[in-house]
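# Structural overview
In case you want the letters, here they are:
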Amino acid sequence: MNRADRLILAPGAYQTYSIAQPRDTLVKAACEQVGCAAWRYGWESVIDESTDLGKRQAAYIRTESRRTFREQKTDAGLTVFRFESGQRCFAEHKTRPELYAVRDGDWRGNPTGRTRRHTKAADWVEDFGEHQLWLVDQQKKG
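Note that the structure is a prediction, hence the values are computed from the model and not measured. (Residues numbered from 1 in each chain as written. Predicted model: local features only at pLDDT ≥ 70, side-chain atom pairs only at ≥ 80, totals over all residues. Heavy atoms only, no water.)

## Digging into the sheet that holds strand β5 (residues 79–83)
Here we have three strands laid out as an open sheet, ordered β3-β5-β4, and antiparallel in their pairing. Each edge of the open sheet is held by one strand with a lone partner, namely β3 (43–47) and β4 (69–73). Across the sheet, the mean angle from the axis of one strand to that of its neighbour is 20°, orientation sign disregarded. Of the strand pairs in this sheet, β4 and β5 are connected by five bridges, and their pairing is antiparallel. Along β5, the bridge assignment pairs Phe69 with Phe83. Helix α3 (residues 52–63) contacts β3, β4 and β5 of the sheet and is inclined by roughly 35° relative to β5. (Pairing = 2+ DSSP bridges. Helix = DSSP H or I, 4+ residues; strand = E, 2+ residues; numbered from the N terminus. Axes fitted to C-alpha atoms, helices over the stretch in contact; angles between N-to-C directions. Contact = heavy atoms within 4.5 Å.)

## Quick look at the pattern of salt bridges
Oppositely charged side chains are able to pair whenever their charged atoms sit close together. Applying the stated criterion across every chain, the model contains six salt bridges. Across the pair Arg62 and Glu49 runs a salt bridge whose closest N-O atoms are separated by 2.9 Å. Note that Arg62 is positioned in helix α3 and Glu49 in the loop between β3 and α3, a separation of 13 residues in sequence. Among the residues examined, Glu49 registers a relative accessible area of 18% and is labelled buried. A salt bridge links Lys73 to Glu49; the shortest N-O distance between them is 3.3 Å. Taken together, the residues span a long stretch of sequence, with Lys73 in strand β4 and Glu49 in the loop between β3 and α3 at a distance of 24 residues. Taking the relative accessible area as the measure of exposure, Lys73 reaches 53% and is therefore exposed. In the salt-bridge network here, residues are joined through shared partners; they are Glu49, Arg62, Glu71 and Lys73. (Salt bridge = Lys/Arg side-chain N within 4 Å of Asp/Glu carboxyl O. Buried < 20%, exposed > 50% of the residue type's maximum accessible area, 1.4 Å probe, protein only.)

## Regarding the sheet that holds strand β7 (residues 99–104)
The strand order β1-β7-β8 describes an open sheet built from three strands, whose pairing is antiparallel. Across the chains shown, the open sheet's two edge strands, defined by having one partner strand only, are β1 (15–20) and β8 (115–118). Shown here is a sheet whose adjacent strand axes are inclined to one another by a mean of 20°, direction ignored. Of the pairings in the sheet, the one linking β7 to β8 comprises four bridges and is antiparallel in character.

Have a look at this one:
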């Protein structure tokens, strides 16, 4: 089918799906969301408990961190905390948020002004897939 054979409908007959990231905006993010290696594979924290800072760090890990770990001493007297994967690391991650939108119309405009925003990527993908199935059904109907 060449371009001249395509049926061009009014803008209101279309829906536009988009994903955007606002500029200059960072939000706190979970390890899983940013692909954190420590979250994925686990990590080790080596603490020198002979220092005041090391004593505070070790106390925090043992009593307040709410993370699963194994603890062992090295020959040099350092404490190694081995954390299992799948739990939040100690870093504060930030990412740019993604905005998942569906609006009426196409590149020529949005005649109804209607825009829906999804809060989760999975919902946007589901909406997009359902719309694709609807289009296939419409095409089969003629």
